[in-house]
Amino acid sequence: MPELKQLDAGHAPAVLAFELANRAYFAASISDRGDEFYDQFADRHSAMLAEQEAGGCAFYVLVATDGSVLGRFNLYDFKDGTANLGYRVAQHVAGRGVATATVRELCQLAAARHGLRALRAATSHANAASQRVLTKAGFVPVGPADPADLGGKPGTWYQRDLALQP
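The notes below deal with the structure included here. (Residues numbered from 1 in each chain as written. Predicted model: local features only at pLDDT ≥ 70, side-chain atom pairs only at ≥ 80, totals over all residues. Heavy atoms only, no water.)

1. A word on the overall build of the chain
Here is step 1: Scanning the chain from N- to C-terminus turns up six helices and seven strands.
Here is step 2: For the chain, the α and β elements follow one another from N to C terminus as β-α-α-α-α-β-β-β-α-β-α-β-β.
Here is step 3: The principal-axis extent of the C-alpha atoms belonging to the chain is close to 35 × 35 × 30 Å.
Here is step 4: Here the chain, with 166 residues, has 43% of them falling under the buried criterion.
Here is step 5: Once local pairs closer than 6 in sequence are excluded, the contacts in the chain between residues at least 24 apart make up 59%. (Helix = DSSP H or I, 4+ residues; strand = E, 2+ residues; numbered from the N terminus. Buried < 20%, exposed > 50% of the residue type's maximum accessible area, 1.4 Å probe, protein only. Contact = heavy atoms within 4.5 Å.)

Structure follows, in structure tokens:
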């Protein structure tokens, strides 16, 4: 069974492999991160760990039994008991309920481990899969998202009150 783990330094090689293997798949629905992201991945990974250590965010990876990364699930911009959620799963597990189950698990962790009361996530109008994940995980649409938050694409913000069960 895959396991949701908080990001640590040892995850760097598997996370980079995940990002590279799924780059074209991700770019089909969200903005590509650009070559610089991959070229400077070690520095970016270290910066994320430092940011996590400072307490303003929490980064998670869904790790398969073989140690490969199946998905990334990030809580960021902690403020007043609320955080934003971002996630991506590998192409070979997409459409199998992996993202929905993991987002639900992360909602529980967000409340229990990080003391959060609500999560928000933005998705583009074109990303029907992400809209389904959020809805199935108990999120509801709360208003338009700024295209600047979605790589220039129009979209919607979703929110979940963590005290409510989906």
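2. Quick word on the packing of aromatic side chains
Each aromatic ring pair is described using two quantities: the centre-to-centre distance and the angle formed by the ring planes.
Here is step 1: Applying the stated criterion across every chain yields a total of five aromatic pairs.
Here is step 2: Here the aromatic rings of Tyr-25 and Phe-26 are separated by 5.8 Å at their centres, their planes lie at 45 degrees, and the arrangement is tilted.
Here is step 3: Put simply, the rings of Phe-18, Tyr-25 and Phe-26 touch in pairs and so form one group of aromatic residues.
Here is step 4: The ring of Trp-157 is capped by Arg-120, whose NZ or CZ atom sits 4.1 Å from the centre of that ring. (Phe/Tyr/Trp six-rings, centres within 6.5 Å; stacked < 30°, edge-to-face > 60°. Lys NZ or Arg CZ within 6 Å of the ring centre and 35° of its normal.)

3. Considerations on the pairing of strand β5 (residues 118-124)
Here is step 1: With five of seven residues buried, β5 is to be regarded as a mostly interior element.
Here is step 2: Here seven bridges tie β5 to strand β7 (residues 155-161), and the two strands are oriented antiparallel to one another. Within β7, the position partnered with Ala-121 by the bridge is Tyr-158. (Pairing = 2+ DSSP bridges.)

4. Quick look at the environment of Ala-99
Here is step 1: Counting through the fold element by element, Ala-99 comes out in helix α5 (residues 98-112).
Here is step 2: The class for Ala-99 is buried, based on a relative accessible area of 10%.
Here is step 3: Once you skip the residues sitting within four places of it in the chain, Ala-99 turns out to touch Phe-73, Val-89 and Val-133.

5. Remarks on the pattern of salt bridges
Here is step 1: Overall, the coordinates contain four salt bridges when judged by the stated rule.
Here is step 2: A salt bridge links Arg-33 to Glu-19; the nearest nitrogen and oxygen atoms lie 3.0 Å apart. Within this pair, whereas Arg-33 is found in the loop between α2 (23-27) and α3 (35-39), its partner Glu-19 is found in helix α1 (residues 12-21), the two being separated by 14 residues in sequence.
Here is step 3: Between Asp-35 and Arg-23 there is a salt bridge whose closest N-O contact spans 2.9 Å. Of the two residues, Asp-35 sits in helix α3 while Arg-23 sits in helix α2, which places them twelve residues apart along the sequence.
Here is step 4: Residue Arg-23 is classed as partly exposed on the basis of its relative accessible area of 22%.
Here is step 5: Each member of the salt-bridge network shares a partner with another, and the members are Glu-19, Arg-33, Arg-72 and Arg-88. (Salt bridge = Lys/Arg side-chain N within 4 Å of Asp/Glu carboxyl O.)

6. What about α1?
Here is step 1: Listed in full, the buried residues belonging to α1 are Ala-12, Ala-14, Val-15, Phe-18 and Glu-19. When α1 is viewed along its axis, its buried side chains cluster within an angular range of 165 degrees and face the same direction. Turned more than 90 degrees away from the buried face of α1, the exposed residues are Pro-13 and Ala-21. (Arc of directions from axis to C-beta.)

7. Section: the side chain of Arg-88
Here is step 1: Inspection of the secondary structure puts Arg-88 in strand β4 (residues 82-89).
Here is step 2: You can call Arg-88 buried: its relative accessible area is 11%.
Here is step 3: Of note is the side chain of Arg-88, whose polar atom sits 2.9 Å from the side chain of Glu-19.
Here is step 4: The contact partners of Arg-88, leaving out residues within four places of it in the chain, are Phe-18, Glu-19, Phe-26, Ile-30, Arg-33, Leu-70, Gly-71 and Arg-72. (Polar contact = N/O pair within 3.5 Å; in protein donor to acceptor, adjacent residues only side chain to side chain.)

In short, shape yes, function no, at least from these values alone.
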